[in-house]
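Spelled out from the first residue to the last, the chains are:
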Amino acid sequence: MESGARRVRRPELEAKPEGWTRFVCFSDTHGKHGAIAKNNLPEADVLLHAGDFTNTGELEQVESFSKWLDDYPAKHKVVIAGNHDITFHKEYYLDRGAERFHRQAVPVPNSSLMNFEMKPYDCSKARELLRGHIYLEDSVADVCGYNIYGSPWQP
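Peer 1: Mind laying out the sheet that holds strand β1 (residues 23-26), listing which residues take part and the relevant values?
Peer 2: As a general point, the strands of a sheet are linked pairwise by backbone hydrogen bonds and lie either parallel or antiparallel. Strand order in the open sheet made by the four strands is β1-β2-β3-β6, with parallel pairing throughout. With partners counted over all chains shown, the strands left at the sheet margins are β1 and β6 (134-136), one partner each. The mean inter-strand angle of the sheet, taken between neighbouring strand axes irrespective of direction, is 20 degrees. Here β1 pairs with strand β2 (residues 44-49) via four bridges, running parallel.

In structure tokens form, the structure reads like this:
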């Protein structure tokens, strides 16, 4: 008896069986989602991105990712942040993430030296940029009759 789930190696060559739900899963694109070849973007009922869609939570990358999701040929898009998507975890980001990852070189007046100043992003904007998509953080969503639970935390 079949389990009702199977991996499709060449989805562009194989039609989805009647009554089946096609999930396409990505993770660890690290801001390079736009470089994924078109033939590796199969049509789906549900696109699930399981974290690390940015390098270090840059809002420019979140915005680009959201536009990529808008254009992806899937009815539903589900996103879970990963450990690199640090602007989605405000407490960590403001405590030490911004200082560690989002600093900008500023010239020292009358010198050839540079100082580095923290230039933090507004964490509230990160989630806003994923408008129209399902973002899961310690939560569940019913998508096409499946309960999908998402949590960005790792052991």
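Now that the structure is up, let's keep going.
Peer 1: Let's hear about the side chain of Asp52: which residues, and what values?
Peer 2: Of note, Asp52 is situated in the loop between β2 and α1 (59-71). There is no salt bridge for the buried Asp52, and the closest opposite charge comes from Arg100, which lies 12 Å off by N-O distance. A polar atom in the side chain of Asp52 sits 3.1 Å from the backbone nitrogen of Asn83. Setting aside its immediate chain neighbours within four residues, Asp52 contacts Asp28, Thr29, His30, Ala81, Gly82, Asn83, His84 and Asp85.

Peer 1: Outline helix α2 (residues 90-101), supporting the account with residue identities and numerical values.
Peer 2: With 12 residues, α2 should reach 16 Å at 1.5 Å per residue; the first-to-last C-alpha distance of 14 Å falls well below that figure. If you check which residues of α2 are buried, you get Tyr92, Tyr93, Gly97 and Ala98. On an axial view of α2, the arc spanned by its buried residues comes to 135 degrees, and they lie on one face. For α2, the exposed residues lying more than 90 degrees away from the buried face are Glu91 and Asp95. Of the surrounding secondary structure, the elements contacted by the buried residues of α2 are β4 (103-107), β5 (114-118) and α3 (123-128).

Peer 1: Describe the pattern of salt bridges, listing the residues and the values that go with them.
Peer 2: One side chain can pair with another of opposite charge once the charged atoms of both are near each other. On inspection of all chains with the given rule, the structure shows seven salt bridges. Two residues, Glu12 and Arg10, come together in a salt bridge whose shortest N-O distance is 2.9 Å. Judged by relative accessible area, Glu12 falls into the partly exposed class, the value being 46%. Measuring nitrogen to oxygen at the nearest pair gives 2.8 Å for the salt bridge that ties Arg96 to Asp95. Look at Asp95 and you get exposed, because its relative accessible area is 53%.

Peer 1: Outline the packing of aromatic side chains, supporting the account with residue identities and numerical values.
Peer 2: When we look at a pair of aromatic rings, we describe it by the centre distance and by the angle of the planes. The final tally for this structure, using the stated rule, is eight aromatic pairs. Taking 6.2 Å as the distance between ring centres and 80 degrees as the angle between the ring planes, the aromatic pair formed by Phe26 and Tyr72 counts as edge-to-face. Note that Phe26 is positioned in strand β1 and Tyr72 in the loop between α1 and β3 (74-80), a separation of 46 residues in sequence. Comparing Phe26 with Tyr72 shows no difference in burial state: the two are buried. Seen in terms of ring centroids, Phe53 and Phe88 are 5.5 Å apart; in terms of plane orientation they differ by 85 degrees. Their pairing is edge-to-face. Within this pair, whereas Phe53 is found in the loop between β2 and α1, its partner Phe88 is found in the loop between β3 and α2, the two being separated by 35 residues in sequence. For the pair Phe53 and Phe88, one class covers both residues: buried. Among the aromatic residues, those joined into a ring-pair cluster are Phe26, Phe53, Phe65, Trp68, Tyr72, Phe88 and Tyr135. The side chain of Arg6 reaches across the aromatic face of Trp20, ending 5.3 Å from its centre.

About the thresholds
- Residues numbered from 1 in each chain as written.
- Predicted model: local features only at pLDDT ≥ 70, side-chain atom pairs only at ≥ 80, totals over all residues.
- Heavy atoms only, no water.
- Pairing = 2+ DSSP bridges.
- Helix = DSSP H or I, 4+ residues; strand = E, 2+ residues; numbered from the N terminus.
- Axes fitted to C-alpha atoms, helices over the stretch in contact; angles between N-to-C directions.
- Buried < 20%, exposed > 50% of the residue type's maximum accessible area, 1.4 Å probe, protein only.
- Lys, Arg positive; Asp, Glu negative; His and termini not counted.
- Salt bridge = Lys/Arg side-chain N within 4 Å of Asp/Glu carboxyl O.
- Polar contact = N/O pair within 3.5 Å; in protein donor to acceptor, adjacent residues only side chain to side chain.
- Contact = heavy atoms within 4.5 Å.
- Expected span 1.5 Å × (residues − 1).
- Arc of directions from axis to C-beta.
- Phe/Tyr/Trp six-rings, centres within 6.5 Å; stacked < 30°, edge-to-face > 60°.
- Lys NZ or Arg CZ within 6 Å of the ring centre and 35° of its normal.

Note that all results are geometric; they support no functional claim without further evidence.
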